Amino acid sequence: MSSSNEQPNFITCKAMVAWEAGKDLVMEEVEVSPPEPHEIRVKVVCTSLCRTDITAWESQAIFPRIFGHEASGIVESVGKGVTEFVEGDHVLTVFTGECRTCKHCESGKSNMCQVLGLERRGVMHSDQRTRFSIKGKPVYHYCAVSSFSEYTVVHSGCAVKVSPQAPLEKICLLSCGVAAGLGAAWNVADISEGSTLAIFGLGTVGLAVAQGAKLRGASQIIGVDINPEKYEKAKAFGVTDFLNPNDCKEPIQQVIKRISGGGTDYSFECIGDTGMVTTALQSCCDGWGLTVTLGVPKVKPEITSHYSTFLSGKTLKGSLFGGWKPKSDLPSLVNKYMNQEIQIDEFITHNLPFEDINKAFSLMREGKCLRCVVHMPN
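Sequence order sets the numbering: in each chain, residues are counted from 1 along the sequence as written. The predicted origin of the model limits local features to residues at a pLDDT of at least 70 and limits the giving and counting of side-chain atom pairs to 80 or more, whereas totals for whole chains, interfaces and linings rest on all residues. Heavy atoms throughout the structure, all of them, feed into the side-chain values; hydrogens and water do not.

Caption draft 1: Region of interest: the nonpolar core. To define a nonpolar core, start from buried Ala, Val, Leu, Ile, Met, Phe, Trp, Tyr and Cys residues and group those joined through side-chain atoms within 4.5 Å. Buried residues are those whose accessible area, probed at 1.4 Å on protein chains only, stays under 20% of the maximum for their type, while exposed residues exceed 50% and partly exposed ones sit between those limits. In this structure, Leu174, Leu197 and Phe268 are the most contacted members of the largest nonpolar core, which totals 99 residues. Among the elements that make up this core, the one with the highest residue count is helix α4 (residues 177–188) (seven residues). Residues are treated as being in contact if the distance between any of their heavy atoms lies within 4.5 Å. Sequence-distant contacts of Leu174, defined by excluding residues within four places in its chain, comprise Leu92, Ala179, Phe321, Leu330, Leu333, Val334, Ile342 and Ile344. Ala198, Val224, Ile252 and Val255 belong to the second-largest nonpolar core, a separate cluster that totals nine residues. The helix count covers DSSP runs of H or I at least four residues long, the strand count covers runs of E at least two residues long, and both are numbered beginning at the N terminus.

Listed below in structure tokens is the structure:
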């Protein structure tokens, strides 16, 4: 580690590199550049696997690449102009940043930062270059985070300082999935006490929506999933009714409308299936029914719905990171966890060493986990 008066040097470390779509990640020695102005270099402590990592790994064409975006770590060095962080600070990385100066950041209406928004090209926001290389050849980033590496470089606007008392092996889940679900329930839908809702997909995000709804006092939380093993876990997060479409003799939206008395107040699509967005819309009630879509689709990104759906008063809203402004809002979620106001530990079904990260991919693809937390070497 460099002192604050020294210029940071290149670091050589281990990273799990994806060389082609759908193939096992390979442990490689990578060179990590020093942080450029307004960037920080982070020693990753823990990273958890998100479904979005798998979707991108299976389908995206930018390789070689270091995936991972849901992570916690400790600042190793800072670039010029960074005043918010110092070496040793504990941080969460975030896949969408907050510059605090653009139109969206200043609006109070949006978390879609125009400067540090979702990065899709595998490079850094500031100069469109990578900070990773193998034998002089570039290795591309994922969501400007790339946490499947012992060290990574992120823009200072894409990191959130957290209390050093907060367990990094737990709160890493707040840098994406759990926060996204809670925010969809609280910020985007603003669920009211006594209301009803249907959740399509009971993975981490869907169960975080259920937790948020339960804490808001929802009276009926209907969970929809084709995996019957998820029911017991779902009950612990507040799901009151479990529906498996494969066991239903009629379309699932009709079942939901029947058991909810004409349709739910809210519905949430947490799968990444645009056809299911249409089903979710059909499941909520006329007049004020609100559908929130959170999933990232693998195929068919277009949503199809009859105009009468909206003429009847229903609303469809999208949700990115649950509407949270990461730097402004994530510290309060960490505090809620520390005060035992929200659950995180219960989402962690597996803890794995860094070298077993491919096992985490297998577990998630097979539907055998919620979150696998990957622990980096000390």
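Caption draft 2: Expanded view of helix α11 (residues 357–365). Every buried residue of α11 is accounted for by Ile357, Asn358, Ala360, Phe361, Leu363 and Met364. In the core, the buried residues of α11 are packed alongside β1 (11–17), α1 (51–59), β16 (348–353) and β17 (371–375).

Caption draft 3: Quick look at the side chain of Gln211. Note on placement: Gln211 falls in helix α5 (residues 204–215). Dropping the residues within four chain positions of it, Gln211 is found in contact with Leu182, Phe237, Ile342, Gln343 and Phe347.

Caption draft 4: Region of interest: the sheet that holds β1. The criterion for strand pairing is that DSSP finds at least two bridges linking the strands in question. Strand order across the open sheet formed by four strands is β1-β2-β6-β7, with antiparallel pairing between neighbours. A strand with exactly one partner marks an edge of an open sheet, and here the two such strands are β1 and β7 (137–139). For this sheet, the mean inter-axis angle between neighbouring strands, taken without regard to orientation, is 50°. Here seven bridges tie β1 to strand β2 (residues 26–32), and the two strands are oriented antiparallel to one another. Looking across to β2, one finds that Ala15 is bridged to Glu28. Orientation is described by lines fitted to C-alpha atoms, with helices fitted over the stretch in contact, and by angles between N-to-C directions that extend from 0 to 180 degrees.

Caption draft 5: A look at helix α8 (residues 274–283). Burial analysis of α8 places seven of its ten residues in the buried class, the great majority of the element. On its buried side, α8 packs onto β10 (196–200), α7 (252–259), β13 (266–269), β14 (290–293), α9 (307–311) and β15 (315–318). Here a polar contact means two N or O atoms within 3.5 Å. Within protein one must be a hydrogen donor candidate and the other an acceptor candidate, and residues neighboring in sequence count only if both atoms are side-chain atoms. The N-terminus of α8 is capped by Asp273, whose side-chain oxygen sits 2.8 Å from the backbone nitrogen of Gly275.

Caption draft 6: Here's a closer look at the UniProt feature "domain: Alcohol dehydrogenase-like N-terminal" (unreviewed entry) in the protein chain. UniProt positions are given in the numbering used here, feature names are shortened, and annotations may be inferred rather than shown by experiment. In the numbering adopted here, UniProt assigns the feature "domain: Alcohol dehydrogenase-like N-terminal" (unreviewed entry) to residues 37–162. Helix makes up 11% of residues 37–162 and strand 29%, with an end-to-end C-alpha separation of 22 Å.

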